[in-house]
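Next come the chains, spelled out residue by residue.
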Amino acid sequence: MSRLLEVEGLAAQYGRVAALHDVSLAVAPGQLVALVGSNGAGKTTLLRAISGVRPASAGRIAFDGSDITGLTPARRVRLGIVQVPEGRQVFAPLSVEDNLILGGYTRRAGIEEGIARAFRMFPVLAEKRRLPAGALSGGQQQMLALARALMAAPRLLLLDEPSMGLAPLLTAEIFAAIAALKRAGTTILLVEQNATQALRVADYAYVMETGRIVLEGPGAELARNEKVKAAYLGM
Amino acid sequence: MLSTILQFLFSGLTVGAIYALVALGFTLIYNASHVINFAQGEFVMIGGMATVYLVDAGAPIWVAAPAAILLAVAVGVALERLAIAPARDASVVALIVITIGASIFLRGVAQVVWDRNFHTLAPFSGDEPIRVMGASFLPQSLWVLGVSLLAVLALAWFFGRTVLGKAVLATANNRLAAQLVGIETRAVMTLCFALSAFLGAMGGVLVTPITLTSYDAGVMLGLKGFCAAILGGMGSGVGAIVGGLVLGVAEAMGAGFVSSAYKDALAFVLILLVLCFRPSGLVGARASERV
Ligand SMILES: Nc1ncnc2c1ncn2[C@@H]1O[C@H](COP(=O)(O)OP(=O)(O)OP(=O)(O)O)[C@@H](O)[C@H]1O
Ligand SMILES: [Mg+2]
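Residues numbered from 1 in each chain as written. Chains lettered and ligands numbered in written order. Predicted model: local features only at pLDDT ≥ 70, side-chain atom pairs only at ≥ 80, totals over all residues. Heavy atoms only, no water.

As for the pattern of salt bridges
Overall, the coordinates contain twelve salt bridges over all chains when judged by the stated rule. Among the salt bridges present, the one from Lys166 of chain B reaches Asp98 of chain A, with a minimum N-O distance of 2.8 Å. Taken together, the positions of Lys166 of chain B in helix α6 (residues 163-173) and Asp98 of chain A in helix α3 (residues 96-103) put the pair across two chains. For the residue pair Lys166 of chain B and Asp98 of chain A, the accessibility class agrees, reading buried in each case. When the shortest N-O distance is used, the salt bridge between Arg107 of chain B and Glu42 of chain B registers 2.9 Å. Of this pair, Arg107 of chain B sits in helix α4 (residues 92-113) while Glu42 of chain B sits in helix α2 (residues 40-56), and the two are 65 residues apart along the sequence. (Salt bridge = Lys/Arg side-chain N within 4 Å of Asp/Glu carboxyl O. Helix = DSSP H or I, 4+ residues; strand = E, 2+ residues; numbered from the N terminus. Buried < 20%, exposed > 50% of the residue type's maximum accessible area, 1.4 Å probe, protein only.)

Some details on the site of ligand 1
Residues and elements named next belong to chain A. What surrounds ligand 1 is a group of 13 residues, the closest being Asn39, Lys43, Thr44, Thr45 and Glu86. Between an oxygen atom of ligand 1 and a main-chain N or O atom of Gly40, the distance comes to 2.8 Å. Thr44 is positioned such that a nitrogen or oxygen atom in its side chain is 2.6 Å from an oxygen atom of ligand 1. A total of 630 Å² of accessible area belongs to ligand 1 in isolation, and the protein chains cover 59% of it. (Near = heavy atom within 4 Å. Polar contact = N/O pair within 3.5 Å; in protein donor to acceptor, adjacent residues only side chain to side chain. Areas by Shrake-Rupley, 256 points an atom, 1.4 Å probe, with all protein chains shown as cover.)

Considering a nonpolar patch on the surface
Residue and element names in this part refer to chain B. A surface patch of nonpolar side chains, amounting to about 570 Å² of accessible area, comprises Met1, Ile5, Phe257, Val258 and Tyr262. As for its placement among the helices and strands, Met1 is situated in the segment before α1 (2-33). The exposure class of Met1 is exposed, given its relative accessible area of 66%. (Patch = residues over 30% accessible without salt bridge, like charges linked within 9 Å, V, L, I, M, F, W, Y side chains within 5 Å.)

Looking at the coordination of the magnesium ion (ligand 2)
Residues and elements named next belong to chain A. Distances from the magnesium ion (ligand 2) to its protein donors, namely Thr44 (OG1) and Glu86 (OE), fall within the range 1.9 to 2.1 Å. Placement of the pair is Thr44 in helix α1 (residues 43-51) and Glu86 in the loop between β6 (81-84) and α3, with a sequence separation of 42 residues. Residue classification places Thr44 among the buried positions, given a relative accessible area of 14%. (Donors = N, O, S within 2.8 Å, 3.2 Å for Na, K, Ca; no water.)

Comments concerning α3 of chain A
Counting buried residues in α3 of chain A gives eight out of eight residues, a clear majority hidden from the surface. Buried within α3 of chain A are the following residues: Val96, Glu97, Asp98, Asn99, Leu100, Ile101, Leu102 and Gly103 of chain A. For α3 of chain A, the secondary structure elements touched by its buried residues are α4 (111-121), α5 (123-127) and α6 (138-150) of chain A together with α6 of chain B. (Contact = heavy atoms within 4.5 Å.)

With respect to the packing of aromatic side chains
Residues and elements named next belong to chain B. According to the stated counting rule, one finds nine aromatic pairs over all chains in the structure shown. Centroid distance Phe10 to Phe137: 3.9 Å. Interplanar angle 25 degrees. Geometry classified as stacked. One end of the pair, Phe10, is in helix α1; the other, Phe137, is in strand β2 (residues 135-137), and 127 residues separate them in sequence. Of the two residues, Phe10 and Phe137, both sit in the buried class. (Phe/Tyr/Trp six-rings, centres within 6.5 Å; stacked < 30°, edge-to-face > 60°.)

Below, the structure written as structure tokens:
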């Protein structure tokens, strides 16, 4: 199986406190891989290490066959690794449209089409294009964060808890958008505390606890696993 | 009476425009890094002193001034690359102390390379006063105001209309998100130091024919620019401009109608008053909105 992303023996720390130990994981092209785990398991830290905004203290990250462990975050975006960070992190004082333009910062062409596509995907953003992003509701900000990431034409999309803090209806809308992206062939690594939904849409999944991968397997298989059911699915 | 007021207003606006340029420099760096760059005044000094020396060496003003501004920009970039960037993970207070050290260092170098005397430049368009309604002002004032206005318009265009300008705003607002969309945030920091050195040095060149310059001319101008930035609300570009002009006019009126002995103290009294009644400055966001 060819791999688009391959993480091997990755470690990361905050000061002297280790947040990731010997993490290995792979994502094949076109797959939707889910990463689930409870609070503080290290999911966000792993995504940040993959994007390069949190340095790895050991291990190796390869993208499309080449080692990217030492590259700056900006270089990784240019290669196609694009993240929707936890907590949306829109540029609050800038307009919705400017947020999208900046999403396409690494691209020279296709900005207009990208914006048009984002507005087709989330029409509410078109209505509010001139408003500051900070004036949007939480759900709209999440849509904007996702649309902003898509502007960079990702080859690998990293999503960090896109449903966090959203009402069920909006969560469903976000998951529908994720499913559509997957159908269109985008490779996705999805971090979720909402394990039920994540495992349902995932081709493959990893379970993380205190900085380690403790379980992995096809999404449907993990969803039937007794330990996973007890710990993450509330059954 | 009216002509006297007009006279003070005009000289106040002239000095105020320079304060505003320095204040904009503080604002740029503060927004990008939360660092208050106390070497800001030294950029003004380098602009003035280097121009004086190049002109003395025989260069025409239109060569000397851009070269001096370029030198200040190089110093600004070097300050960021060599002193601020390597200490990126240090606390903001530590970074501010670094800039204070840099300002002392730059004054020292200026003393050695140049000298300890006061210098002036010939006004760009002669010194025949222009008369308006009984008040008279120097053509150099028009240069100061005109070029400052152009600089402000250019900045407004840069931040409002260009993707790079928006990338700077984005980095100031949310560094993590800026990195994640592929903005080279370190280069943005360097750019902010370069821009702010540019603005300061430009002010230094423009004002030297009016106020003289010396190796330590940056101390007072830097302090006044800082006051202007606080007055307008630290972090606000419009605030920096308003703060600079208000401070300049208040000083000129104070010196004219009360006593010039208190001119410099006035800035601090003004700051105390504004901070008492509007803690986030004349134009700044309300304190609760800023994190
Ligand atoms: N900035 C930080 N400084 C110090 N420790 C941190 C920092 N960020 C996270 N940690 C610690 O690192 C560990 C992993 O945190 P991380 O945010 O990666 O977990 P997570 O799985 O994303 O959790 P959540 O589901 O709450 O988002 C936790 O123990 C956390 O306390
Ligand atoms: Mg997290």
